[in-house]
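Listed below, chain by chain, are the residues.
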Amino acid sequence: MNDSPTHPQCGPSAGPHPSGPAVPLGDRPMYPSAEGSTLAKGVNQGVAPVTYGKGDRPPRGDYARAGSDYTCEQDYAQYSAADHETYRRLYARQLQQLPGLACDEFIDAVNQLGAPDHIPRFGEVSERLMKATGWQIVSVPGLIPEEAFFALLADKRFPVTDWIRKPEEFDYVVEPDVFHDLFGHVPLLFNPTFAGYMQAYGVGGLKAARLNACELLARLYWYTVEFGLISTPMGLRAYGAGILSSAGELTHSVKTPGVPRVAFGLDRLMRTRYRIDTYQATYFFIDSFQQLFDATAPDFTPVYGVVRGLDEVEAGIVLPGERSFSV
Ligand code: HBI
Ligand code: FE
């Protein structure tokens, strides 16, 4: 399986959101696409965005309660005691793993999510986040089309799915639930440099949609925001949300010997396919969040041109002469 989207342009090229060891999911991604759906241009009309993948089931979530930009109120009443318990158990399992594996910026900010024993009210998290970086989190019913997603990031609003996985999905859930989005993505939005990168990514995404380059840009997101590693004086540490919210991949990505860990390069990431049915076969590491932010400063149009002129690189490969990190 790989990330070749079945929709040519702003078709998704990412597979299911990782919250643990992925399980094979058929050969097509699960991201919704504004392309080829009744929801062209990512404007919510109250029905789940078209997704595709095995069974073509729509993404979970009640899209009827979302507005035209796909945001909705956090339905706090939906959470049962079992839901809060699931959140508490997921949070506790990840928190005890963080030292020595997660980057300091994440560890320093994770307590901003609030009490670890129940799902927080998004408004309370947003109050703290707004003071730190001017961002806020907004509730969405689930995955949303890419253009709607990019527009929210460009507006410093991070979409957080408000449903939580069922207890039987404790180790793996196909789509991002509130734990993946909150625990995985939100702490680093308290870091001004990383938050700046996320907003630049959203702005770039809106441009990419017009350049048929969403697939290339989705790879950048996948190998940084979801599965990125960062080099520190103590060695590599994880900053990617897909790693930080995953019980097994957090240790694997930082400690397993022999796994390719290649130095960040914008065109290299955009050339690199990824698999959706296992832990990542290649990780990319940055030297700093400033490097990531600076990489998104230029207009990507020429980068897309260069990337399209080069062969794609299968995940798991280290090219001759590349700087890689061995653990
Ligand atoms: N929707 N709610 C939500 N959350 C995401 O992380 C998300 C999405 N839609 C599209 C998407 N991510 C990916 O296509 C990114 O690569 C842009
Ligand atoms: Fe995610």
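As shown above, the structure is provided for reference.
In this text, all values refer to a predicted model and were calculated from it rather than measured experimentally.

Novice: Help me out: how do you make sense of helix H6 (residues 192–210) in this one?
Specialist: Look at H6: 28 Å from first C-alpha to last across 19 residues, which is about the 27 Å you get at 1.5 Å a residue. All of the buried residues along H6 are Phe194, Ala195, Gly196, Tyr197, Met198, Tyr201, Gly202, Gly204, Gly205, Ala208 and Ala209. Looking at the buried positions of H6, the neighbouring elements they touch are helix H3 (122–133), helix H4 (146–154), strand E2 (157–161), helix H7 (214–226), helix H11 (289–295) and helix H12 (301–308). Among the residues of H6, the N-terminal cap falls to Asn191, whose side-chain oxygen and the backbone nitrogen of Thr193 are separated by 3.1 Å. The positive-phi residue at the C-terminal boundary of H6 is Asn212, with phi of around 55 degrees.

Novice: What am I meant to see in the pairing of E2 here?
Specialist: Side-chain positions along a regular strand alternate between the two faces of the sheet. Here E2 lies mainly inside the structure; 5 of its 5 residues are buried. Both faces of E2 are covered, namely the face carrying Arg157, Pro159 and Thr161 and the face carrying Phe158 and Val160. Of the strand pairs in this sheet, strand E1 (residues 136–140) and E2 are connected by 5 bridges, and their pairing is parallel. Bridge pairing in E2 places Ser139 opposite Val160. Chirality of the crossover, the property in question, places the unit of E1, H4 and E2 among those that are right-handed.

Novice: Mind showing me how you'd approach the sheet that holds strand E6 (residues 283–286) here?
Specialist: To summarise the sheet geometry, strands pair through backbone hydrogen bonds and adopt either a parallel or an antiparallel arrangement. Reading across from one edge, E4-E3-E6-E5 is the order of the 4 strands in this open sheet, with mixed pairing throughout. Only two strands of the sheet have a single partner each, and these edge strands are strand E4 (235–238) and strand E5 (261–263). Along the sheet, successive strands turn relative to each other by an average axial angle of 40 degrees, direction set aside. In this structure, strand E3 (residues 229–232) lies alongside E4, joined through 4 bridges in antiparallel fashion. Counted as the bridge partner of Ser231 is Leu236 from E4.

Novice: So what exactly am I meant to see when it comes to the nonpolar core here?
Specialist: For soluble globular proteins, the rule of thumb is that nonpolar side chains tend to be buried together. Of all hydrophobic cores here, the largest spans 88 residues; its most connected members are Leu220 and Met270. Looking at this core element by element, the count peaks at 8 residues for H7. Every residue in contact with Met270, bar those within four places of it in the chain, is listed here: Leu216, Leu217, Arg219, Leu220, Phe300, Val303, Tyr304 and Val307.

Novice: I keep staring at the side chain of Thr133 and nothing clicks. Help me out?
Specialist: Looking at the secondary structure, you find Thr133 in helix H3. Classification of Thr133 as buried rests on a relative accessible area of 12%. Here the side chain of Thr133 touches Leu189 through a polar contact of 2.8 Å, landing on its backbone oxygen. Beyond its immediate sequence surroundings of up to four residues, Thr133 is in contact with Lys156, Leu189, Phe190, Asn191, Pro192 and Ala195.

What counts, and where the lines are drawn
- Residues numbered from 1 in each chain as written.
- Chains lettered and ligands numbered in written order.
- Predicted model: local features only at pLDDT ≥ 70, side-chain atom pairs only at ≥ 80, totals over all residues.
- Heavy atoms only, no water.
- Helix = DSSP H or I, 4+ residues; strand = E, 2+ residues; numbered from the N terminus.
- Expected span 1.5 Å × (residues − 1).
- Buried < 20%, exposed > 50% of the residue type's maximum accessible area, 1.4 Å probe, protein only.
- Contact = heavy atoms within 4.5 Å.
- Polar contact = N/O pair within 3.5 Å; in protein donor to acceptor, adjacent residues only side chain to side chain.
- Pairing = 2+ DSSP bridges.
- Right-handed = clockwise from strand over helix to strand, strands pointing away.
- Axes fitted to C-alpha atoms, helices over the stretch in contact; angles between N-to-C directions.
- Core = buried A, V, L, I, M, F, W, Y, C linked by side-chain atoms within 4.5 Å.

Function cannot be read off these values alone, since they describe shape.
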